[in-house]
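Structure at a glance
These are the residues of each chain, in order.
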Amino acid sequence: MDVVLEIRELVRRFDTMVAVDNVSLEVQEGSFFSILGPSGCGKTTLLRMIAGFQEPTSGVIRIRGKDMRGIPPNRRPVNLVFQNLALFPMMDVAGNIAFGLKRKRLAAAEIGRRVESILERVGLADYGAKQVGQLSGGQKQRVAIARALVLEPSILLLDEPLGALDLKLREQMKIELKKLQSEVGTTFIYITHDQSEALVMSDRVAVMNAGRLEQVGPPRALYDSPASCFVAGFVGESNQFPAQIEEQEEKQIRVRTDTGLQLQATPMQPMERPECRLFIRPESIILQPEESLSGINRFTLQVKTILFDGSNTKVLATVGESEREIMVSLPQNRQFAHIGPGDRITAGVYIDACRCYPVHA
Amino acid sequence: MRRETKIGLYIFLAPVLMWLLLLIVVPHIDLFIMSLRGEDDLGEAIWTLDNYHSFFSERIYWLTFARTATYALLVTLLTFLITFPVAFYITKVVHRRYSAFLTILLLMPFWVSELVRVYGWMILLRESGVINHLLLGMGLLEQPVELLYNDVSMVMGLVYTSMLFMAVPLISSLEGMDDNLIEAAHDLGASKLTIFLRIVIPYAAPGITSGAIVVFMLTLGNYLTPNLMGGKNSLWFTEQIYNQFIASFNWNQGAAFGFLLLLLSSLIIWAGLRLSRQDLGRALT
Amino acid sequence: MKKTVLRASIVLLALAASSTSMAQETLRLLTWTGYAPKVLVEKFEKETGIKVELTYSNNEEMIAKLRATRGAGFDLAQPSQDRISAVQAKYKIYQPMDYRKIDASQFISSMLTAVQDNTKVGSDSFAAPFCYGTSGLIVNKAKARNAKDYDALLDPKYTGRISYRLKRPTLIALAFSNDYDPFASYSDPKAYKVLMEKVGDRLISGKPLVKNYYANGDALLELMRSGEVHVALGWDNGGWKLHDENPDIDFVAPKSGALGWIDTFAIPAKSKNVEGAYKWINFMLKPENAAYFTNQEKYGTASKGANEFLDESIRDNFTRSFSAADIDNIKWYPPVPAKLEQIEGKILDRVKASR
């Protein structure tokens, strides 16, 4: 597959602060690519540089092989869906969508045809004459996306467009967006701080922190083998423990958490110092493991509470003497439906599911 | 309960209605009646439309009105052209922290009366004035030139006097505008000019309309500035009305002129609103 | 409910009205700038305990103000004598003057008689004289030595250095310099109109020569003082004031005759303080007060005994500007009949509108 966007050693400084720090990445044609990071990590700056609203301090942005330096936003083959959508209040829906087409000086009939077809595509046929103020949040969303998509950009940039929606609508829009992207085949670059949005929709995700890329890869790779302490903590849920290495072998270490628990764990990066951080995902903890299983750490949990949430039900429990709670996913079958607060239960976790990262002092 | 609130409403409304009735409605009725009165050849008071008729039959009267209205439109346009970039700069370009300060700076000259401001201009512009003095001093002029008493100086004075009334509605309407709209339009392929014409102006249209109406009416009704700065060629329609009332003792004619001014200026504003497809109600909220 | 509101507001209005009348006795004077010097006002207030409220105006506005209220709002006015009888006949804005209440011995008697004659409507007269003066040329002699008559105002020699008011005295003055007698046509509106249209045409053709039509006396003084204007139609006292500052500038009595006017005292029909008005008249005509006024403002006074209190320079001014022949040649404004103002107004509008 072709590379639609290539970024090389991109740097953007504001006065004393470095917002984007030596970022390089490639985005494949037709993919759904997300940039995931906490607020203030530089992802919006990165997006604005791609869109052309800001010039990089140094580095290169190429779209379909063409250097974008000095090209203003209105001449870049990318379009942006704004966080607050920025629909034009003085135009109706059709007017909003036709705005970009008119700038391309297409014939009126052609514009009408394209507006109609994109409205149909986003499920808003017959909404052309409506005023922007008459639309619901989800409908505005779709108009904003249609307004950008109708220009058939090389890349569609989306700046947390779901942020303003309520939870239920957001879940629904996630799926819609994903579907829409695979239908139109346009490359989407999606900015978000919500890891679930990124994981659900994306082909590939870049995790960004403090201006740098921590890891770029498919959602599963990020989830299963986070490349850094930050990614392990930011992507998906994890139980985290500060820990000390007690014994170190080549592919395995023995650690002792600050709660006193001793475990065999897998080092994810070279460990130079004894301080480390241990991550265990709630769903990798096995309740009542078979005696026959090997390569497993075993311990006893004391149940504190059950957090019922349908398929996502979790148990809050303590290990050993410590009051620190850890989270354990309950399997979906009703095998453990009987357990309740106060119960003691055996548990285990595979050594390769206990991931250790060095701590940067 | 309902009755009581109604009475309460009347009590609060009473001063407003009294004010409207006594200061607006009654004098206008009186003026209207006066405009329909005249004298026959024997000096007897009669009902007549002569006062209105003479406006159209005497070339000088309607020419003065046409001239006044044309200049008022020109002043409105110039005021808009000058004020808009200022308002845009204050609301969109400069940092929020300074915009209040700049707004106050813009309004400062209006803390003194119009008369003082006009005299200020006269001191600057007259033949023996400050500007001439400076230009002579710098050797840029051999002879002092009269910068006052012409249409250009009059229009300038009127524009200056009107700026406040354009700036305030423009600033308040531009302040409400989301900056992302500009970026969105830019992103969708619009050039700076297109953004200005298709996004910024339509967004500010209600503010522009209300500013333009106020400036137009105030300019049309101005007396001081055209008289003092325009000098010998500046016959303004309000001066015609003044002359009818004061110099010619012809109150009936003056009243008719007053009504014609009201009527024709309303007509011009109505036509302007229709042409720009603006709604008076929206512009005034 | 409504009635209560109405009643309450009536009570409030009555209270507001009575509170003003309960205050100190006042004299509301409608006059010209300079006609009530501060020193004299304070002296009068001290002597009589009457507070003087001043409103500055001119002939036309005085008439308009009093006409609007049918003679209310002021206790004493000071119109020119020629602008009283016609206005009084039509609008009845003044009350007859009771000449027993003024001290006739303080007045120059010929002037008092003349004003009485000129302001007569029916069997009553309506005014007493206060001061007099003339209109003529104010000339900067260093620049326009030969400006001796009104036609200098139309002389291309002084292009851009000429100024006058677009008011009736200008029309009258130019009529005289063209060997017409506009006062003779006062009684014949048609002839007057023809005459004035001729003068209007001359003003229009002379318009390019004019610097500006000045709006008031202060503007005129400033134009002369700054040297922007060399020849202007103006009041003698203005010319003399300028002469004090710059000896090159002086008032010149024009060859075809300076225009003489007399400003008066007249009591509005609905004056609320008639007694106070007479007190003010008698006070202002006291020789020492009248002389103070004249020394200050340089207008001639109607007070008989003021001469001995006058400054030397006042007499100098007069003898410098007026020869004996000039004095004989002064054209005193006769009372203006109705309708003339409308004729003049139209012509003046035409002049102002022309290019």
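Because the structure is a prediction, the values reported are computed rather than measured. (Residues numbered from 1 in each chain as written. Chains lettered and ligands numbered in written order. Predicted model: local features only at pLDDT ≥ 70, side-chain atom pairs only at ≥ 80, totals over all residues. Heavy atoms only, no water.)

Section: the pairing of strand E12 (residues 253–257) of chain A
Residue and element names in this part refer to chain A.
- On E12, burial follows the alternation: Ile 253, Val 255 and Thr 257 on one face are buried, whereas Arg 254 and Arg 256 on the facing-out side are not.
- Bridge count for strand E11 (residues 239–248) against E12 is 5 bridges, and the pairing is antiparallel. Bridge pairing links Ile 245 to Val 255 in E12.
- Linking two consecutive strands that pair antiparallel, namely E11 and E12, is a turn of 4 residues.
- In this sheet, strand E13 (residues 262–267) lies alongside E12 in antiparallel orientation, the contact comprising 4 bridges. Of the residues in E13, the one forming a bridge with Arg 254 is Gln 264.
- Between E12 and E13, which follow one another and run antiparallel, lie 4 residues, and Gly 260 among them has a positive phi close to 95°. (Buried < 20%, exposed > 50% of the residue type's maximum accessible area, 1.4 Å probe, protein only. Helix = DSSP H or I, 4+ residues; strand = E, 2+ residues; numbered from the N terminus. Pairing = 2+ DSSP bridges.)

Concerning helix H3 (residues 108–121) of chain A
Residues and elements named next belong to chain A.
- The first and last C-alpha atoms of H3 sit 20 Å apart over 14 residues, in line with the 20 Å expected at 1.5 Å per residue.
- Among the residues of H3, those classed as buried are Ile 111, Val 115, Ile 118 and Leu 119. Seen along its axis, H3 keeps its buried residues to an arc of 100°; they face one direction. Along H3, the residues that are exposed and aim more than 90 degrees away from the buried face are Ala 109, Arg 113, Glu 116 and Glu 120.
- The positive-phi residue at the C-terminal boundary of H3 is Gly 123, with phi of around 75°. (Expected span 1.5 Å × (residues − 1). Arc of directions from axis to C-beta.)

Here's the deal with the domain arrangement of chain C
All names here are of chain C.
- For chain C, the domain assignment lists domain 1 (24–126 + 261–321) and domain 2 (134–258 + 335–353).
- Between the C-alpha centres of domain 1 and domain 2 the distance comes to 26 Å.
- Taken residue by residue, the interface counts 14 residues in domain 1 and 17 residues in domain 2.
- Interface area for domain 1 against domain 2, summed over the two sides, is near 1,500 Å², with a carbon-plus-sulfur share of 52%.
- A per-residue breakdown of the area domain 1 buries against domain 2 is headed by Trp 261, Lys 298 and Ser 321, which together make up 34% of the total.
- Inspection of the domain 1/domain 2 interface yields 5 salt bridges.
- Residue Glu 341 is joined to Arg 83 by a salt bridge in which the shortest nitrogen-to-oxygen separation is 3.3 Å.
- Applying the counting rule to domain 1 against domain 2 returns 9 residue pairs in polar contact (both at pLDDT 80 or more).
- Within the residue set of the side of domain 1 that touches domain 2, elements represented by two or more residues are helix H4 (85–91), helix H11 (287–297) and helix H12 (312–321). (Domains from an automatic or database assignment. Contact = heavy atoms within 4.5 Å. Buried area = accessible area lost by both parts, 1.4 Å probe. Salt bridge = Lys/Arg side-chain N within 4 Å of Asp/Glu carboxyl O. Polar contact = N/O pair within 3.5 Å; in protein donor to acceptor, adjacent residues only side chain to side chain.)

Concerning the sheet that holds strand E10 (residues 212–217) of chain A
All names here are of chain A.
- Across the sheet, 6 strands lie side by side as E6-E7-E8-E3-E9-E10; this open sheet has mixed pairing. A strand with exactly one partner marks an edge of an open sheet, and here the two such strands are strand E6 (78–81) and E10. For this sheet, the mean inter-axis angle between neighbouring strands, taken without regard to orientation, is 20°.
- Where strand E7 (residues 155–159) and strand E8 (residues 187–192) come together, 5 bridges link them in parallel fashion. (Axes fitted to C-alpha atoms, helices over the stretch in contact; angles between N-to-C directions.)

Examining the pattern of salt bridges
- With the rule as written, the count across this model stands at 46 salt bridges over all chains.
- For C:Glu344, the salt bridge identified is with C:Arg168, shortest N-O distance 2.9 Å. With C:Glu344 in helix H14 (residues 340–353) and C:Arg168 in helix H6 (residues 168–177), this residue pair connects regions lying 176 residues apart in the sequence.
- Judged by relative accessible area, C:Arg168 falls into the buried class, the value being 6%.
- Residues participating in the shared-partner salt-bridge network are B:Arg126, B:Glu127, B:Glu146, C:Arg161, C:Lys211 and C:Glu228.

Quick notes on the interface of chain B and chain C
- On the side of chain C, 34 residues touch chain B, which itself brings 32 residues to the contact.
- The junction of chain B with chain C conceals about 3,000 Å² of combined surface from both sides, 52% of it contributed by carbon and sulfur atoms.
- It is B:Lys232, B:Phe249 and B:Trp251 that lose the most area in chain B upon contact with chain C, and together they represent 27% of the buried surface on that side.
- There are 6 salt bridges connecting chain B and chain C.
- Where the side of chain B that touches chain C is concerned, the elements lending two or more residues are helix H1 (2–35), helix H3 (59–93), helix H10 (224–230) and helix H11 (237–247) of chain B.
- A total of 7 residues in the side of chain B that touches chain C trace back to one element, the largest contributor, which is H11(B).
- Of the residues belonging to the side of chain B that touches chain C, the class tally is 13 nonpolar, 10 polar and 9 charged. (Nonpolar A, V, L, I, M, F, W, Y, C, P; charged D, E, K, R; others polar.)

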